[in-house]
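Fold and contact review
Residue strings, one per chain:
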Number of protein chains: 2
Amino acid sequence: MDTVKYLLPEERIPRSWYNIQADLKTPLAPVLNPGTGQPIGPDDLAPLFAMELIKQEVSQEREIEIPEPVRDVYRQWRPSPLFRARRLEKALDTPARIYYKYEGVSPAGSHKPNTAVAQAFYNKEQGIKKIATETGAGQWGSALAMASCIFGIELKVFMVRVSFNQKPYRRGLMETFGATVLPSPSDQTNAGRAILAANPNSSGSLGIAISEAVEVAAQSDDTKYALGSVLNHVLLHQTVIGLEAIEQFEMADDYPDVLVGCTGGGSNFAGFVFPFIGAKLRGGRAVDVIAVEPSACPSLTKGKFAYDFGDTAHTTPLMKMHTLGSTFMPPGFHAGGLRYHGMAPLVSHLAQENEFTTVSYDQMRTFAAGVQFAQAEGIVPAPEANHAVAAAIDEALKCKESGESKAIAFNLCGHGHFDMQAYLDYHAGKLEAYEYPAEEIAMALSGLPSVG
Amino acid sequence: MDTVKYLLPEERIPRSWYNIQADLKTPLAPVLNPGTGQPIGPDDLAPLFAMELIKQEVSQEREIEIPEPVRDVYRQWRPSPLFRARRLEKALDTPARIYYKYEGVSPAGSHKPNTAVAQAFYNKEQGIKKIATETGAGQWGSALAMASCIFGIELKVFMVRVSFNQKPYRRGLMETFGATVLPSPSDQTNAGRAILAANPNSSGSLGIAISEAVEVAAQSDDTKYALGSVLNHVLLHQTVIGLEAIEQFEMADDYPDVLVGCTGGGSNFAGFVFPFIGAKLRGGRAVDVIAVEPSACPSLTKGKFAYDFGDTAHTTPLMKMHTLGSTFMPPGFHAGGLRYHGMAPLVSHLAQENEFTTVSYDQMRTFAAGVQFAQAEGIVPAPEANHAVAAAIDEALKCKESGESKAIAFNLCGHGHFDMQAYLDYHAGKLEAYEYPAEEIAMALSGLPSVG
């Protein structure tokens, strides 16, 4: 028996996203105005986001309808397949049943279009003509570039300079979709100019790029801002992943004992596991959930649960989250999508309530796991996804040890086609292990704002 | 109404490949031994190929059963989707109905795994442990690398040196799948050493790389050779594309008036159109078929229909085909998969019988079409596929002119994720148009063998 694919018919693309705020045991801490320390309201966010997205950010409704034009675009690649990884099971000689939900089938090659399409749609509906955003390695930027050209919106992307220079392929993808891509820090914003004045060779960071994009949106009447992770509405849109997975497990006549997802800002993890955690919170079956983060940027395991800014220049409101400090610059490991100082407030909240556990992996271990997976299953994972692969393999090896036949499911959030340089470096023995950057994190945490 | 996807259920992956040899009006010219000028038999090919593949090469059976282990692997991405390109239709303002069959959903990103999996399987069944092959831009090499690691076969790939140096990402993919990749010409074969002795800076060609791989297989008892296009059995395996498409047009309650495919060696074109041409040859509905080739390597429109070698060092048997001469070195345009001097004998035979027409496009026009397609449909095509896109768009624009509402279907044989440098060059205005290389072709044609 070979790899098995569980594919739902198109009409079973979810009709609603799942909002876990409806099922939380305690309410989420409010977002605060850094000047006043008071909770902010919808009007404060209106310069940055379309109103429907702001409503979703604070909604307590369990189900939020997916507009038909969004489902129409989803249809191009959704429902995404759930695979039973029989060849990997055989290679590991494990009694575990290993499943993976594969989001790399989207045109941009990751889960990011699930929210990019929704965000572009709501902006279009509100008559907005331009969006500014940031991107690290480029997954989010290319997803929003695709969605923006489908809905006829002009897109400006601030791309972290080190990735802009080292990863031109993602930039090529964004430009092919008609987006304007600028290296960040740039000379187009006050935030960028201030950084460049202090350090003309700054290689940039996600926190800096966010500052630039927010500034562009805040200072222009016809431009809104869009973020690819962290915020509640972004996580909401990603729940199509887990909602489909629940139905696919019914097809497979199985249910996961263990769920695994990698965490950067938290959106692919949340999208995959929230529907399962929500079912449990409503009295359904329990499942062990594991978040996997890079040991070089370990916000959940080494960060502080506190109010912090989302960006380096401190232009965003304050969110209560696990943070390494907004000035922390993560080392240059290859999983660019996991190089962020903070964690989504909703994910942080559930971590505090012990709804999941977190493990940390160095990139050397994750690439070894990614290559093993590729050779068994034929799919080369993105470096971010390799973190989930590594933890899933370790869980399967524990089953081999114990003789248990658990069902282990992970989210393969994207393919590695645009990250082959990382694999070439790995094969050539040029990849570095990164120490836990304890001092840099302590320094960044010492600068946390005192509000909240 | 947005893009529509026609997706067959998994159980409708074809159970047999379609062999057009059963329906030809006149039989295919035999393959000849270049020494004797006589037809070669199965035993002559046994050192190079698994016996089941040799039988398929000459079979006259209309249907050849697809082994279950091959269908099991196909299941990972097949049936591939057929899309109605409504957003592209709208962008073109055409009354035409545009469809595309999308083979980029395979793990290697192109149609190549359809035959790679079959070839690896038959070799494995015969107990063969090693395969040698060549690759140009790397689509074929990465597909066979994937298939080889699934079936536990060791793979050595001779990669055209210019691509080895310029396109490291495909090499990274092959290495991740465990293959050994060598730049060709290499110092590991007589053919390679002879070329290097004459020109130490040779950038290589597909014809040279074939010579090297064939030599390795011919001189070793435990190694066979594999080719990614041209041969009858390769085209046979690709017919899953067209067989699925016929069923998908039934789902769509439509039938193509025009079919379009790009041609290099001919396999994606054949795989898509042969089932439709076969239906017509057996008395079914007529359809206009268009082959699209690069104007810088125009074997069908400017080549000679004659016996020629498949490789530069003249180690292969002679095949009757449209050829530009086996010593012709195509200019360095970006569609590496279309840079071959010859055309599949079956495709050439049907061209002689006027079963389709051929058009030639320069790469500048094809990239413009590819970008237009990407911005409408969200998928970035491979440079090879851009040739089909360009011709399909031109057909749709003719419909706009005439007011006809034809159904135009093309094969989108792969995505461009590994070809983004070409798009970056295109956006930067660095891409060159190539003149038809008349003198070089005349020179190469003057050296055609005199047999046959």
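Here the residue index of a chain counts from 1 through its sequence in written order. Whichever chain is written first becomes A and whichever ligand is written first becomes 1, with later ones labelled in order. For a predicted model such as this one, the threshold for reporting local features is a pLDDT of at least 70, and the threshold for listing and counting side-chain atom pairs is 80 or more; totals across whole chains, interfaces and linings nevertheless cover every residue. Calculated side-chain values reflect all of the structure's heavy atoms, with hydrogen atoms and water omitted.

1. Focus on the overall build of chain A
- Looking only at helices and strands, chain A features 19 helices and 15 strands.
- Overall size of chain A, expressed as C-alpha extent along the three principal axes, is 60 × 50 × 45 Å.
- Under the scheme applied here, a residue whose accessible area is under 20% of the maximum for its type counts as buried, over 50% as exposed, and between as partly exposed, the area being computed with a 1.4 Å probe on protein chains only. Counting across all 452 residues of chain A, residues that qualify as buried make up 67%.
- Computed with the Shrake-Rupley method and a 1.4 Å probe, the accessible areas treat only the protein chains shown as cover for residues. On chain A, roughly 15000 Å² of surface is accessible, and the fraction owed to carbon and sulfur atoms is 49%. The helix and strand labels rest on DSSP assignments: H or I over at least four residues marks a helix, E over at least two residues marks a strand, and numbering proceeds from the N terminus.

2. Quick notes on the packing of helix H5 (residues 113-125) of chain B against helix H6 (residues 139-151) of chain B
Residues and elements named next belong to chain B.
- Between H5 and H6, the shortest axis-to-axis distance is 8 Å and the interhelical angle comes to 40°. Between H5 and H6, the angle is such that the two are oblique. H5 and H6 meet at a crossing whose hand is right-handed. Across the interface between the two elements, Pro113, Thr115, Ala116, Val117, Gln119, Ala120, Phe121 and Lys124 from H5 touch Trp140, Ala143, Leu144, Met146, Ala147, Ser148 and Phe151 from H6. Geometry is summarised by axes, namely lines fitted to C-alpha atoms with helices restricted to the contacting stretch, and by angles between N-to-C directions that run from 0 to 180 degrees. Small angles under 35 degrees read as roughly parallel and large ones over 145 as roughly antiparallel, with 65 to 115 read as roughly perpendicular and the rest as oblique. Two helices crossing with the near one rotated counterclockwise from the far one by less than a right angle form a left-handed crossing, whereas a clockwise rotation gives a right-handed crossing. Two residues qualify as a contact provided that any one of their heavy atoms is within 4.5 Å of a heavy atom in the partner residue.

3. Thoughts on the interface of chain A and chain B
- Opposite the 43 residues of chain A that make contact, chain B presents 43 residues.
- In short, buried area is how much 1.4 Å probe accessible area vanishes from two parts on joining, totalled over both. Here chain A and chain B share an interface that buries about 3800 Å² over both sides, 59% of which is from carbon and sulfur atoms.
- The largest contributions to the chain A side of the interface with chain B come from A:Gln76, A:Tyr169 and A:Thr176, which together make up 20% of the buried area.
- Salt bridge, as applied in this entry: a Lys or Arg side-chain nitrogen positioned within 4 Å of an Asp or Glu carboxyl oxygen. At the boundary of chain A and chain B, one finds zero salt bridges.
- N or O atoms within 3.5 Å of each other form a polar contact, as long as, within protein, one can give a hydrogen and the other can take it, and as long as residues adjacent in sequence are counted only when both atoms are side-chain atoms. Along the contact surface separating chain A from chain B lie 15 residue pairs in polar contact (both at pLDDT 80 or more).
- Those elements giving two or more residues to the side of chain A that touches chain B turn out to be helix H3 (68-74), helix H6 (139-150), helix H8 (168-176), helix H16 (363-377) and helix H18 (420-427) of chain A.
- The leading source of residues in the side of chain A that touches chain B is H8(A), at seven residues.
- Residues that form the side of chain A that touches chain B fall into these classes: 22 nonpolar, eleven polar and ten charged. Residues are grouped as follows: Ala, Val, Leu, Ile, Met, Phe, Trp, Tyr, Cys and Pro are nonpolar; Asp, Glu, Lys and Arg are charged; all remaining types, including Gly, are polar.

4. Observations concerning the relation of the copies chain A and chain B
- For the pair chain A and chain B, the relating rotation is 180°, the translation along its axis is 0.0 Å, and the fit reaches an RMSD of 0.0 Å. Taken together, the rotation and translation relating the two chain copies correspond to the operation of a two-fold axis.
- When the interface residues of chain A are mapped onto chain B, 100% of them again lie at the interface, so the same face is used by both copies. Fitting of the copies onto one another was done by least squares over C-alpha atoms, counting residues only where both copies have pLDDT of at least 70.

5. Concerning the domain arrangement of chain A
Residues and elements named next belong to chain A.
- The assigned domain composition of chain A is domain 1 (4-12 + 74-109 + 233-445) and domain 2 (50-66 + 111-229).
- Note that domain bounds follow an automatic or database assignment of domains. For domain 1 versus domain 2, the separation of C-alpha centres amounts to 22 Å.
- Each partner contributes residues to the interface: domain 1 has 37 residues there, and domain 2 has 36 residues.
- Here domain 1 packs against domain 2, burying approximately 3000 Å² in sum over the two surfaces, 60% of which is carbon and sulfur.
- Joining domain 1 to domain 2, the criterion identifies one salt bridge.
- For the salt bridge of Asp419 with Lys167, the shortest nitrogen-to-oxygen distance reads 3.8 Å.
- Summed over the shared surface of domain 1 and domain 2, the number is 18 residue pairs in polar contact (both at pLDDT 80 or more).
- When residues in the side of domain 1 that touches domain 2 are grouped by element, the largest group, six residues, is from helix H11 (residues 232-238).
- Of the residues contributing to the side of domain 1 that touches domain 2, the split by class is 15 nonpolar, 15 polar and seven charged.

6. Details of the packing of aromatic side chains
All names here are of chain A.
- Stacked, edge-to-face and tilted labels apply to pairs of Phe, Tyr and Trp rings (six-membered ring for Trp) whose centres lie within 6.5 Å, assigned for plane angles under 30 degrees, over 60, and everything in between, in that order. One pass over the full model with this rule turns up 35 aromatic pairs over all chains.
- Ring centres of Tyr6 and Tyr99 lie 6.4 Å apart, and the angle between their planes is 45°; on these two criteria the pair is classed as tilted. Of this pair, Tyr6 sits in strand E1 (residues 4-6) while Tyr99 is found in strand E5 (residues 97-102), placing the two residues 93 residues apart along the sequence. Considered together, Tyr6 and Tyr99 belong to a single accessibility category, that of buried residues.

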